[in-house]
Structure formats: C-alpha cells, structure tokens
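An overview of the molecular structure
If you want the building blocks of each chain, they are given just below.
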Amino acid sequence: MVTPAVLTTRVIGITLHSFAVVTLVLWAGKIVVQRSKTKWTLFWAMALVTCLSLAITALVEVSYGSITLSPNPSQIQWTPMNTFVGDFFCRMGMLTMTGCRLYRLGLSAKAHSQRAIAVQVLAATALLVSLAVTTWLRFNEYARDLWPVVPAGTPDPELQSMRNAESAVTFVVFFLVQLISLLGDVLFNMIILKNAAAAGRQYGKLGWASEVAPYIPAAVTNVAYLLAVTWARVIATSDVPTWKIINYLAIMFSRFAPSVETFTFLQYTVRQTSEILRSRRTSKQSSSSRDRSRGSSFLKPITSEKGKSLTSVHPASRLVVPDQS
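Residues numbered from 1 in each chain as written. Predicted model: local features only at pLDDT ≥ 70, side-chain atom pairs only at ≥ 80, totals over all residues. Heavy atoms only, no water.

**Re the side chain of Glu141**
For Glu141, the location among the structural elements is in helix α4 (residues 113–146). Of the residues examined, Glu141 reaches a relative accessible area of 7% and is grouped as buried. Other than its neighbours up to four places away in sequence, Glu141 contacts Pro80, Leu159 and Arg163. (Helix = DSSP H or I, 4+ residues; strand = E, 2+ residues; numbered from the N terminus. Buried < 20%, exposed > 50% of the residue type's maximum accessible area, 1.4 Å probe, protein only. Contact = heavy atoms within 4.5 Å.)

Below, the structure written as structure tokens:
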C-alpha cells in the first residue's frame, strides 16, 4: 500500500517532470524553427541535443512514477534497460549543456576564462566517467537477468558490489557537477552586475532583482538536490523510515535540476551573454573614436591675422615647429 508521504513525492515528481517535458520539447521546436531560417552552429546543435535528451529523461521518470502508483505495479516489469535509458540521456543532456555553458562562460568571463574552462572540462570528464560506469552496471544487470549466475531469489554479492561502486561514483559526480553549476551561475551573475556597472547603468533594488531573479529557481533546485543527496547518502542509513522518500527526492532533483538549468540558460543566459558582448563592442568603439579624435587634433596650425599658416604647435610639449611651406 502506498503511504501518503510516498504518494505526495511521486505526484510532485510526475508533475515536475511533465512540466519539464513540455518546456523542453517547446524549446527544441523553437531552436529548429530559428535555425531553419539561419544557419546551424555546433552550439545550437548541442542545445537541441540537450533539450531532447533531458525531455526523454523526464519521460522515463514520469513513466516510472506512474507505474509505482498504479493499482498493480508488480504486473508491469521495469527492467535495467528502462533505467539505463533514463541514466544515459540524463548524462548526455548534462554533458552537452556543460559544453554550451563552457562556451558562453568563456565568452563572457574573459578574466576568468581559463579557470572557468578548466572547471567545466573537469565536469564534462566526470560525466563521461559516470556514463561509462552506469553503462557497465546496467548491462551487467541486464545480462544477469537473461543468464542468472545465482539461483533466483538469492543475493548476488558481485552484482551488489557493482551497484555500490556505481552509486558512489554517481553521488560524487552529480554532487560535483551540480555544485559547479551553482557556482557557475553565481559567477555569471557577478559578471552581469559588473558589466552593468561598467556601462554606467543605475539600478534600484527591483532592477538588480530582475537581473538575478531568473537564476533563483535553478539555484533552489540545485541546493535542494545537494541537501537531499547529502542526507540520503552521507548522513542517514537505509534503515531510517524516511530514507526511501529522501532518496527518491534526491534522484528526482538530480533529473529535474538539469532541465531547470537548461531552460534558464536558453531563456536568459544566452540573451544576457549577447548583451555583455554588445556592451563590450560598444565600449571599444567609443574608446577607439576618442583615440582617433585626439589623434586628429595632435597638430594644429597657428595662422597670422591674414590667414597664412606660420607655425604648427605640438599641444603636449608646446614646441613651436616652423612651417615649411
């Protein structure tokens, strides 16, 4: 029998992931329509892969949640390959989004570009390791379902060791990637505010809030994941009554947080990065125009009352140079 607490968490998960599916599919369609009118770039191809991968991940989570709430969940078989589909596309979506964030952060954070790129490359490498370990586990599970190595109903110590190893790797990688993502958003917001100050824009409290507010949902989701996964994997043990609920919430947020980040990135970060780059170009053009203006007035002729040029004066040194005409 499903307890009220389990029912609540499952309904929340199904609702959030359903919203993610709709949002990501709409964004994927928008990218396709926009690129069909212009040209495709690697950046937008990766953004499209991110949207589709995370939409598939959300669909898998909706399917799993619906099965657990069905009247007879035992009649519907959930295989390791079903789990692998969600695992694979979740990591693929996070990997491609990391590439997109790396590119945009490198454009906007010139002073920190090398360190930002190094950290993002670390996150991408960690995700590839996690993907390899998860693939190894799921195919072992699938193979042992087809060709059992121990009698049915008997624990398989080797398989359990594999699961423990995969769980540890996933915990470390997802914790690291979500923490990097959270810090990346903080850095980008600092760049936005610094750029606004350099451009001479004056904001009131509401103005600053409007710049930062779009990143709050992603930050809240990441913090919720970090708290839930730390409690479930580090602080509590599986014999605690609420462990299963918190563990499910940790898994749910690990799948939902990338969707929120992707929406925030495509809806706000891309536009704000473009504004930063335009502001920098405008600043450079203004500076170049001032330099040319100073250069054109470097030599000024001194004329007599009759209008004839007598000398040329260097304004900085006040040296008088006789006119050679």
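Once the structure has been displayed, the description carries forward.
**Re a nonpolar patch on the surface**
A contiguous nonpolar patch, built from Val2, Leu7 and Val11 and spanning about 210 Å² of accessible area, is present on the exposed surface. Note on placement: Val11 falls in helix α1 (residues 4–37). (Patch = residues over 30% accessible without salt bridge, like charges linked within 9 Å, V, L, I, M, F, W, Y side chains within 5 Å. Areas by Shrake-Rupley, 256 points an atom, 1.4 Å probe, with all protein chains shown as cover. Salt bridge = Lys/Arg side-chain N within 4 Å of Asp/Glu carboxyl O.)

**With respect to the pattern of salt bridges**
Within the structure shown, the criterion is met by 11 salt bridges. We note a salt bridge from Arg255 to Glu61, for which the minimum N-O separation is 3.5 Å. Placement of the pair is Arg255 in helix α8 (residues 243–296) and Glu61 in helix α2 (residues 42–68), with a sequence separation of 194 residues. On the basis of relative accessible area, Glu61 is assigned to the buried category, the value being 11%. Through salt bridges that share partners, Glu61, Asp87, Arg91, Arg138, Glu141, Arg163, Glu166 and Arg255 make up one connected network.

**Quick word on the environment of Pro71**
Mapping Pro71 onto the fold places it in the loop between α2 and α3 (80–108). With 69 residues separating them in the primary sequence, Pro71 and Val2 have C-alpha atoms 9.7 Å apart.

**Points about the packing of α2 against α3**
Put simply, α2 and α3 touch, their axes get as near as 8 Å, and they point 150° apart. Compared by their axis directions, α2 and α3 come out roughly antiparallel. The hand of the α2/α3 crossing is left-handed. Here the residues of the contact of α2 with α3 are counted per class, giving 15 nonpolar, 8 polar and 1 charged. (Axes fitted to C-alpha atoms, helices over the stretch in contact; angles between N-to-C directions. Parallel < 35°, antiparallel > 145°, perpendicular 65-115°, else oblique. Left-handed = near helix turned anticlockwise from the far one by under 90°. Nonpolar A, V, L, I, M, F, W, Y, C, P; charged D, E, K, R; others polar.)

**Regarding the side chain of Thr96**
Along the chain, Thr96 falls in helix α3. Those residues within four positions of Thr96 in sequence are excluded, and the remaining contacts are Met46, Val49 and Thr50.

**Observations regarding the environment of Gln272**
Topologically, Gln272 is positioned in helix α8. Among the residues examined, Gln272 registers a relative accessible area of 4% and is labelled buried. Distance from Gln272 to Glu211, taken between C-alpha atoms, is 9.1 Å for residues 61 residues apart in sequence.

**A word on the environment of Trp27**
Note on placement: Trp27 falls in helix α1. Trp27 sits in the buried class, given a relative accessible area of 9%. Residues Trp27 and Thr262, 235 residues apart in the sequence, show an inter-C-alpha distance of 9.6 Å. Not counting residues within four places of it along the chain, the set of residues in contact with Trp27 comprises Cys51, Phe263, Leu266 and Gln267.

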